[in-house]
Amino acid sequence: MTGKQEQENKQSQVGRAGEDDDKNALEWTVFGVSLLLVLSILAYLSYQTYIDTPSTPDLVVRYYPDPTDNAPQRYRVEVYNEGGETAEEVQIELTLEKGGEVLESAQLNIAFAPKNSKREGWVNFKEDPMQADTLAARVMSYKRP
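Everything numeric here is computed off the predicted structure, so don't read it as measured data.

About the thresholds
- Position labels on residues start from 1 in each chain and follow its written sequence.
- It should be noted that, the model being predicted, local features are given only for residues of pLDDT at least 70 and side-chain atom pairs only at 80 or more, the latter also being counted only at that level, while totals for whole chains, interfaces and linings use all residues.
- Hydrogens are left out, water is left out, and the side-chain values use all remaining heavy atoms of the structure.
- By nonpolar core is meant a set of buried Ala, Val, Leu, Ile, Met, Phe, Trp, Tyr and Cys residues that side-chain atoms within 4.5 Å join together.
- Using a 1.4 Å probe on the protein chains alone, a residue whose accessible area is under 20% of its type maximum counts as buried, one over 50% counts as exposed, and one in between counts as partly exposed.
- Numbering of helices and strands runs from the N terminus; a helix is a DSSP stretch of H or I covering at least four residues, while a strand is a stretch of E covering at least two.
- Contact between two residues is taken to exist if any of their heavy atoms lie within 4.5 Å; hydrogens are not considered.
- We call two strands paired when DSSP finds no fewer than two bridges between them.
- Here, axes are lines fitted to C-alpha atoms. For helices the fit covers the stretch in contact, and angles between N-to-C directions go from 0 to 180 degrees.
- What qualifies as a polar contact is a pair of N or O atoms within 3.5 Å, subject to a donor-acceptor requirement within protein and to the restriction that residues adjacent in sequence count only when both atoms come from side chains.

### Some thoughts on the nonpolar core
Across soluble globular proteins, nonpolar side chains have a tendency to be buried as a group. Counting residues in hydrophobic clusters, the biggest one holds 18 residues, and the most contacted among them are Val77, Val79, Val90, Ile92, Leu94, Val123 and Phe125. Elements that contribute at least two residues to this core include exactly β1 (59-65), β2 (74-81), β3 (87-98) and β4 (101-113). A per-element tally of this core places β3 first, with five residues. Non-local contacts of Val77, meaning those with residues more than four positions away in its chain, are made with Val61, Arg62, Tyr63, Ile92, Leu94, Leu108, Arg119, Glu120, Gly121 and Val123.

### A closer look at unusual backbone geometry
Of note, Glu89 is a non-glycine position whose phi angle comes to about 50°, a positive value. Of note in this structure, Asn116 is not a glycine but carries a positive phi near 55°. Along the chain, Asn116 falls in the loop between β4 and β5 (117-124).

### Some details on the sheet that holds β3
As summarised here, the arrangement of the three strands in space is β4-β3-β6, forming an open sheet in which the pairing is antiparallel. With one partner strand each, in any of the chains shown, β4 and β6 (134-143) form the two edges of the open sheet. With strand direction ignored, the average angle separating the axes of adjacent strands in the sheet is 20°. Pairing of β3 with β6, which is carried by eight bridges, proceeds in the antiparallel orientation. If you follow Glu88 over to β6, its bridge partner there is Lys143.

### Quick word on the side chain of Asn81
Structurally, the position occupied by Asn81 is in strand β2. A distance of 3.4 Å separates the side chain of Asn81 from the backbone oxygen of Pro114, its partner in a polar contact. Each residue touching Asn81, except ones within four places of it in the same chain, is listed here: Pro57, Asp58, Leu59, Thr86, Ala87, Ala113, Pro114, Lys115, Asn116 and Ser117.

### Notes on the side chain of Glu93
Following the sequence through the fold, Glu93 ends up in strand β3. On the basis of relative accessibility, which here comes to 13%, the residue Glu93 falls in the buried class. Residues in contact with Glu93, not counting those within four places in the same chain, are Ser105, Ala106, Gln107, Ala136, Ala137, Arg138 and Met140.

This is the structure we're talking about:
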C-alpha cells in the first residue's frame, strides 16, 4: 500500500465509525435523567441564592443542670446560632450571683457555630448553684469568619 492508499483507508474507517453510533433507549433514558438532575440542582442553587439574605450571627444560649457523680454542679450549655452567618471563637460566660454579687463564673469556648445550628458544651462550678440567687448566661464575644 502506498501512503495515499493508507490515508484514504483511514478516512473511510473514520466515516464508518460515526455511522453506527445510534443510541439505544437505555442510553437516552440515562441522559434524560442526568440532564434533569443537573438542571434541578442548578435551579435549586439559583433559588437559594436569590432568597438568601445575609445577616449577622444571632446566638441564643440555654443551659440546664446536668449533674453526674463526678461533677455534681455540672451544667449543659446549648448555643443556637439563629442568624444567617457562621460565628467563630464564641465565648460564653455563666455566672452565679447572690445578692447582686458574683459568687463564681465559668466560661465555655466554642470554635465555631454555623448558621442555623446548635452546639453543646458543659461547665462545672465549684460552688453549689442552689446557694445562688441567679444563674445568668451571656455571649461574651465572637468573630465573623
